[in-house]
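Residues per chain, in single letters:
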Amino acid sequence: MSPTPPLFSLPEARTRFTKSTREALNNKNIKPLLSTFSQVPGSENEKKCTLDQAFRGVLEEEIINHSSCENVLAIISLAIGGVTEGICTASTPFVLLGDVLDCLPLDQCDTIFTFVEKNVATWKSNTFYSAGKNYLLRMCNDLLRRLSKSQNTVFCGRIQLFLARLFPLSEKSGLNLQSQFNLENVTVFNTNEQESTLGQKHTEDREEGMDVEEGEMGDEEAPTTCSIPIDYNLYRKFWSLQDYFRNPVQCYEKISWKTFLKYSEEVLAVFKSYKLDDTQASRKKMEELKTGGEHVYFAKFLTSEKLMDLQLSDSNFRRHILLQYLILFQYLKGQVKFKSSNYVLTDEQSLWIEDTTKSVYQLLSENPPDGERFSKMVEHILNTEENWNSWKNEGCPSFHRTSDTKPTRIIRKRTAPEDFLGKGPSKKILMGNEELTRLWNLCPDNMEACKSETREYMPTLEEFFEEAIEQADPENMVENEYKAVNNSNYGWRALRLLARRSPHFFQPTNQQFKSLPEYLENMVIKLAKELPPPSEEIKTGEDEDEEDNDALLKEHESPDVRRDKPVTGEQIEVFANKLGEQWKILAPYLEMKDSEIRQIECDSEDMKMRAKQLLVAWQDQEGVHATPENLINALNKSGLSDLAESLTNDNETNS
């Protein structure tokens, strides 16, 4: 008998792999690991998992011992080599990187991330990309959460650039597909006018701290004062505009738009009246702007009242604000796939935006330095942005085009014989088969054949549901098991017919149905009220006399009797338009639950549609008791007496 092979032992294998990893680190060579991997007994999968644990164990010891970043990166490099040689899993280097960045302080994370940036080509290779892209994305997001956007601005930018290099342009995890806004970016400023210091004369400061002896300051360093009249109202309106730039959807609301329009006109009027050439800016500042001096970037605006005059006199600051206007206008005018259907500009709003856009571009061109050039560059960038919007609206198709390697061959048409085209003596079109030729020549004109009335196979609602309506009548005493609505084949055809011919199929309702027969029985009851009864097709003289008598009785019917009849769909439509925004006041008095009210709010944003859904749900819930009288009583109880009186008058007028 041949000796049995040694079994795999996890503790022993891990010890050997840990020792080999230390040896490989010292020699800066992966050969010790390859040798141990071939000698350790066990399956390849078992050895790979054990080596992965050994790597993490050695890395943990290095971090605890506060080793240098070079040793840590050497372990990760060994793991990369191990993946290339096929002795460890492809996700191991990314797991190690995640462990390191979670444990080290930010200054050392900068060094580690430099290593990540340099190896972007490695991460994009087929061996690593699919296994590591999610690890790298999670790792970068965790880093961004730890970093401060104002203090670690450069590091944050490096991470964003790395992700842009790593993922393809069509990678949807890096795209804002639904055009959502960062609503957390709130600009904080002084909203209490009583605490404001604007408009006050700082005479005490000048007397105590502003005394300067003659000769201490040269002409070029002379203190300057801003000629722009700044008060608290201008300060408040100026910084309030940031809320509209943060969330442009507000501009579609009527009241918010009026506020935005008023504030914008005042702020832009200040920009037009007090241009930078007219303000008393220092010569040194202007020289720095002309020579393209170093610009400092701040992640957030500084909203101190004391800085307002300096900010309005600053060229870069004005460019920031004007550019925000252009971006906002582009969103309001643009076609965005996920924008709500209610977000539509009026003609007046569109005209104002068009005129203001021209004014903003004019202000940009007049703003030094190189205003004309900067204005054209901004216009070009925003036009390019339109292409990106169109690409997102089309579902982000791939940028890679497949080239057709096959040479195109010219197809020559062969002339058909006259008999085949139906131009022969018999005028028939020959289809190559006797039966096909007979069927085709029944009606040679295809369009006429398609329009033929004999091709209308869909029945009317009256024809299809006649049997079900009769079975639903309690007087006929048809048991449930014998009703047509319980037949699955009948139910399937009924749903297709309702979707094509009945408005009730798409009418929203809060009524819950447990089964298809229950839903169809409810629809049959509704159709029975609307469709004429089958007996109307054949009328006798006696029936006509009875109808005349009924009409006479209706004429002399009292208003109280009329109000006891159920409301019609037309009455609901008319009253829903009047109810509008007050639907939520009425809902509790129609015995609507809170869950049903929330469902109505989620289903639609249009107030008239919500009112209609409320009335339809009430009609479904009450059935024959959904009368104008009961609706009027509910309106009076809810305090909507004006609407109750209007409904009473409409009911009497219609009667």
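What you are looking at is a predicted structure, and each value in this text was computed from that prediction instead of being measured.

(A) Representation of helix 6 (residues 106-118) in the model. Counted at 1.5 Å a residue, the expected span for helix 6 with its 13 residues is 18 Å, and the 18 Å between its end C-alpha atoms agrees. Regarding helix 6, the residues found buried are Cys-109, Ile-112, Phe-113, Phe-115, Val-116 and Glu-117.

(B) Focus on the pattern of salt bridges. Throughout the structure, instances matching the rule amount to 13 salt bridges. Lys-483 is paired through a salt bridge with Glu-521; the nearest N and O atoms lie 3.3 Å apart. Of this pair, Lys-483 sits in the loop between helix 20 (461-472) and helix 21 (488-501) while Glu-521 sits in helix 22 (residues 516-530), and the two are 38 residues apart along the sequence. You can call Lys-483 buried: its relative accessible area is 12%. A cluster of three or more residues bridged by salt bridges with shared partners is formed by Arg-22, Glu-61 and Glu-62.

(C) Just the packing of aromatic side chains, in detail. According to the stated counting rule, one finds 30 aromatic pairs in the structure shown. For the ring pair Phe-464 and Phe-465, a centre distance of 5.2 Å and an interplane angle of 80° mean the geometry is edge-to-face. You'll find Phe-464 and Phe-465 in the same group, each marked buried. Among the aromatic residues, those joined into a cluster by ring pairs are Tyr-244, Phe-245, Trp-257, Phe-260, Tyr-325, Phe-329 and Trp-352. For the cation-ring pair, Arg-318 lies above Phe-271, with the distance from its terminal atom to the ring centre recorded as 4.8 Å. Looking at Lys-339, its charged tip hangs above the ring of Tyr-331, at a distance of 4.5 Å from the centre.

(D) Molecular detail of the environment of Cys-49. Within the secondary structure, Cys-49 is located in helix 3 (residues 44-64). Overall, the relative accessible area of 36% leaves Cys-49 in the partly exposed class. Taking the C-alpha atoms as reference, Cys-49 lies 9.6 Å from Arg-14; in sequence the two are 35 residues apart.

(E) A look at helix 2 (residues 31-39). Regarding helix 2, the residues found buried are Pro-32, Leu-33, Thr-36 and Phe-37. One side of helix 2 holds all its buried residues, which, seen down the axis, span an arc of 130°. Away from its buried face, by an angle of more than 90 degrees, helix 2 presents the exposed residues Lys-31, Ser-38 and Gln-39. Elements that come into contact with the buried residues of helix 2 comprise helix 1 (10-27) and helix 3.

What counts, and where the lines are drawn
Residues numbered from 1 in each chain as written. Predicted model: local features only at pLDDT ≥ 70, side-chain atom pairs only at ≥ 80, totals over all residues. Heavy atoms only, no water. Helix = DSSP H or I, 4+ residues; strand = E, 2+ residues; numbered from the N terminus. Expected span 1.5 Å × (residues − 1). Buried < 20%, exposed > 50% of the residue type's maximum accessible area, 1.4 Å probe, protein only. Salt bridge = Lys/Arg side-chain N within 4 Å of Asp/Glu carboxyl O. Phe/Tyr/Trp six-rings, centres within 6.5 Å; stacked < 30°, edge-to-face > 60°. Lys NZ or Arg CZ within 6 Å of the ring centre and 35° of its normal. Arc of directions from axis to C-beta. Contact = heavy atoms within 4.5 Å.

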